[in-house]
Amino acid sequence: MNTAYKHLEARLKIAELTLAQWAGIIAGVAVAICWTMYVSPFGPYVSLFSGVYVGGIPAMTAWLASQAQFDVWSRVAGAARWRRGGHVYQPGAGDAQGYVVIEAPHDAPRFDDAPQLDMEALWN
């Protein structure tokens, strides 16, 4: 069996960045431009400053996912599965019954009827 060259097995990279990282950078620049030009309610300097940080979120998530071997889509699918699960409680009163306190039966042993220990006899 002939093994493939190392560059054939590696991921496609352009300027040392993977395609997912490039997509994150492009999305980040687009988000930063949209935030700064159209969405931000602040003045021009605050909008420019916050646009850099808001635009860096997609690029940072793409870089973090590729560096930390973190599968974003698996995490999102798991969160959606958990949210749709039956163990998540619905808001509102529902049909919860709570605790029901019942009286103990008359023939049950009571604490007052327990035999008293003679502590002096234990040490002899």
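Source: prediction; values computed, not measured.

Rules used in this analysis
Residues numbered from 1 in each chain as written. Predicted model: local features only at pLDDT ≥ 70, side-chain atom pairs only at ≥ 80, totals over all residues. Heavy atoms only, no water. Helix = DSSP H or I, 4+ residues; strand = E, 2+ residues; numbered from the N terminus. Buried < 20%, exposed > 50% of the residue type's maximum accessible area, 1.4 Å probe, protein only. Contact = heavy atoms within 4.5 Å. Areas by Shrake-Rupley, 256 points an atom, 1.4 Å probe, with all protein chains shown as cover. Patch = residues over 30% accessible without salt bridge, like charges linked within 9 Å, V, L, I, M, F, W, Y side chains within 5 Å. Salt bridge = Lys/Arg side-chain N within 4 Å of Asp/Glu carboxyl O. Polar contact = N/O pair within 3.5 Å; in protein donor to acceptor, adjacent residues only side chain to side chain.

A. Region of interest: the overall build of the protein chain. Helix and strand counts for the protein chain stand at five helices and two strands. Shown N-terminal to C-terminal, the secondary structure of the protein chain runs as helices and strands in the order α-β-β-α-α-α-α. A burial count over the protein chain gives 10% of its 124 residues as buried. Of all intrachain contacts in the protein chain linking residues separated by at least 6 positions in sequence, the fraction that spans at least 24 positions is 43%. Accessible area of the protein chain: about 11900 Å², with a carbon and sulfur share of 64%.

B. Expanded view of a nonpolar patch on the surface. There is a patch of nonpolar side chains on the surface, built from Leu-12, Ile-14, Leu-19, Trp-22, Ile-25, Val-29, Ile-33, Met-37, Tyr-38 and Val-39 and spanning about 1000 Å² of accessible area. The greatest single-element share of the nonpolar patch, amounting to eight residues, is contributed by helix α2 (residues 19-39). Along the chain, Val-39 falls in helix α2. Among the residues examined, Val-39 registers a relative accessible area of 52% and is labelled exposed.

C. Local environment of the side chain of Ser-40. Among the structural elements, Ser-40 can be located in the loop between α2 and α3 (44-67). A polar contact of 3.3 Å, which involves the side chain of Ser-40, links it to the backbone nitrogen of Phe-42. Here the side chain of Ser-40 touches Ser-47 through a polar contact of 2.7 Å, side chain to side chain. With near-sequence residues (within four places) excluded, Ser-40 lies in contact with Trp-35 and Ser-47.

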